[in-house]
Amino acid sequence: MQLGLTLGSGHAYANLDVAMVQEAERLGYSIVWASESHGLDVPTRLTWLGALTSRIRLGAGVMQMPARTPAATAMTAITLDQLSGGRFVLGLGVSSPRVAEGWHGVPFGRPLPVAREYISLVRQILRREAPAALQGRHYRVPYDGPGATGQGRPLRSVAHGRADLPIYLGAMGPKNLALSAEICDGVLPHLFSPDHADLLLDPLSRGFAKAGGGKGFARFEIAVYVDVFPGSDLHACLARVKTYIAQYV
């Protein structure tokens, strides 16, 4: 087991507690995670922290798929990973209809096919084995739909990224959890309860079986987080936890 630190996303101002992250690094923490909703973004904060640390991994937990094209995400991942000396972990999530449509102004769509196509394109760009191309239901690269000029051609990244840069999927439902095991290197399970571990482990096992090739828990990271609200008033602290959980149920 490794320890990580999460910065969260619900902040009005980008007042990073750099000293806390540096202390976590000194204590041997493996990773620091940053998330985003409809305010502060992930890459800027992780870039800032990457410049002020030297060993701790920098985890996007998660970057929203509706906020960026797959190519834009891959470019950010390559850049941040290079600048940090190979410390970046790319966590992705489909977000929610409220944020996708109400904030980014794009359709939420069908989350499982969206994630599969999106991650496929990111992987292609990172690996540079061939120019990135996908004629899917949700992503068409090169674009050939309404308004297209017809001049688009598949392109290969001029930047050499880490071909095996780890990609995690933020997941909560059983199908999304299975997809993470099938096509990703790790999962960020949302609202995990150790009393109901089977709700996490069973879907992951189904995903491993679909992936084949001997993929399993030994080569897959489960990044579970625990919400901590310190204080002397137990009921007040519980209320803060309940308020957070209520956003997702």
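Our structure is the block above this text.
Residues numbered from 1 in each chain as written. Predicted model: local features only at pLDDT ≥ 70, side-chain atom pairs only at ≥ 80, totals over all residues. Heavy atoms only, no water.

## Re the overall build of the protein
Along the protein, the regular secondary structure elements total eight helices and ten strands. Relative to a compact globule of 249 residues, whose C-alpha radius of gyration would be 18 Å, the protein shows 19 Å and is just as compact. Looking at the protein residue by residue over its 249 residues, the buried ones come to 39%. Expressed as a percentage of contacts within the protein between residues at least 6 apart in sequence, the contacts between residues at least 24 apart total 67%. Within the structure as shown, the protein displays about 13900 Å² of accessible surface, and the carbon and sulfur contribution to it stands at 58%. A distance of 6 Å separates the average location of the 24 positive side-chain charges in the protein from that of its 19 negative side-chain charges. (Helix = DSSP H or I, 4+ residues; strand = E, 2+ residues; numbered from the N terminus. Rg over C-alpha atoms; globule rule 2.2 N^0.38 Å. Buried < 20%, exposed > 50% of the residue type's maximum accessible area, 1.4 Å probe, protein only. Contact = heavy atoms within 4.5 Å. Areas by Shrake-Rupley, 256 points an atom, 1.4 Å probe, with all protein chains shown as cover. Lys, Arg positive; Asp, Glu negative; His and termini not counted. Charge placed at Lys NZ, Arg CZ, Asp CG, Glu CD.)

## Brief notes about a nonpolar patch on the surface
Residues Met172, Leu191, Ile245 and Tyr248 make up a contiguous nonpolar surface patch of about 320 Å² in total accessible area. Assignment of secondary structure puts Met172 in the loop between strand S8 (167-171) and helix H6 (174-183). (Patch = residues over 30% accessible without salt bridge, like charges linked within 9 Å, V, L, I, M, F, W, Y side chains within 5 Å. Salt bridge = Lys/Arg side-chain N within 4 Å of Asp/Glu carboxyl O.)

## Details of the environment of Pro154
Note on placement: Pro154 falls in the loop between strand S7 (140-141) and S8. In the structure, Pro154 is positioned 76 residues away from Pro230 in sequence and 52 Å away in space, judged by C-alpha atoms. The residues touching Pro154, leaving out its near neighbours within four places in the chain, are Pro131, Ala132, Ala133 and Pro142.

## A few points about the packing of aromatic side chains
Both the distance between ring centres and the angle between the ring planes are used here to describe each pair of aromatic rings. Here the structure, examined in full by the defined rule, presents four aromatic pairs. Geometrically, the ring pair formed by Tyr118 and Tyr139 is edge-to-face, given 5.6 Å between the ring centres and 75° between the ring planes. One end of the pair, Tyr118, is in helix H5 (residues 111-127); the other, Tyr139, is in the loop between strand S6 (134-135) and S7, with 21 residues separating them in the sequence. Seen in terms of ring centroids, Phe208 and Phe217 are 4.9 Å apart; in terms of plane orientation they differ by 85°. Their pairing is edge-to-face. Ring pairing ties together the aromatic residues Phe208, Phe217 and Phe220, which thus form one cluster. (Phe/Tyr/Trp six-rings, centres within 6.5 Å; stacked < 30°, edge-to-face > 60°.)

## Looking at the layout of surface pockets
Estimated volume of the second largest pocket: approximately 640 Å³. Thr69, Pro70, His138, Tyr139 and Val141 are, among the 27 residues lining the second largest pocket, the residues nearest its centre. Of all the elements in the fold, those that place two or more residues in the lining of the second largest pocket are helix H3 (70-83), H5 and S7. When residues in the lining of the second largest pocket are grouped by element, the largest group, three residues, is from H5. The residue makeup of the lining of the second largest pocket, split by class, is 19 nonpolar, four polar and four charged. (1 Å grid on protein atoms, 1.4 Å probe; cavity = no way out; pocket = protein on both sides within 12 Å on 5 of 7 lines; lining within 4 Å. Points joined across faces, edges and corners; volume = space filled by probe spheres on them. Nonpolar A, V, L, I, M, F, W, Y, C, P; charged D, E, K, R; others polar.)

## As for H6
Burial runs high along H6: eight of the ten residues are buried. All of the buried residues along H6 are Asn176, Leu177, Ala178, Leu179, Ser180, Ala181, Glu182 and Ile183. In this structure, the buried side of H6 is in contact with H5, S8, strand S9 (186-189) and helix H7 (198-211).

## As for the environment of Ser30
With respect to the element layout, Ser30 can be found in the loop between helix H1 (18-26) and strand S2 (31-34). The exposure class of Ser30 is buried, given its relative accessible area of 12%. Taking C-alpha positions, Ser30 is 9.7 Å from Met1, a pair spaced 29 residues apart along the chain. Apart from the residues lying within four places of it in its own chain, the contact partners of Ser30 are Gln2, Leu3, Ile56 and Arg57.

## Some thoughts on the packing of H5 against H6
For the pair H5 and H6, the least separation of the axes is 11 Å and the interaxial angle reads 20°. Between H5 and H6, the interaxial angle falls into the category roughly parallel. With respect to the hand of their crossing, H5 and H6 are arranged in right-handed fashion. For the pair H5 and H6, contact is made by Leu112, Ala115, Arg116, Ile119 and Arg123 and by Lys175, Asn176, Leu179, Glu182 and Ile183, respectively. (Axes fitted to C-alpha atoms, helices over the stretch in contact; angles between N-to-C directions. Parallel < 35°, antiparallel > 145°, perpendicular 65-115°, else oblique. Left-handed = near helix turned anticlockwise from the far one by under 90°.)

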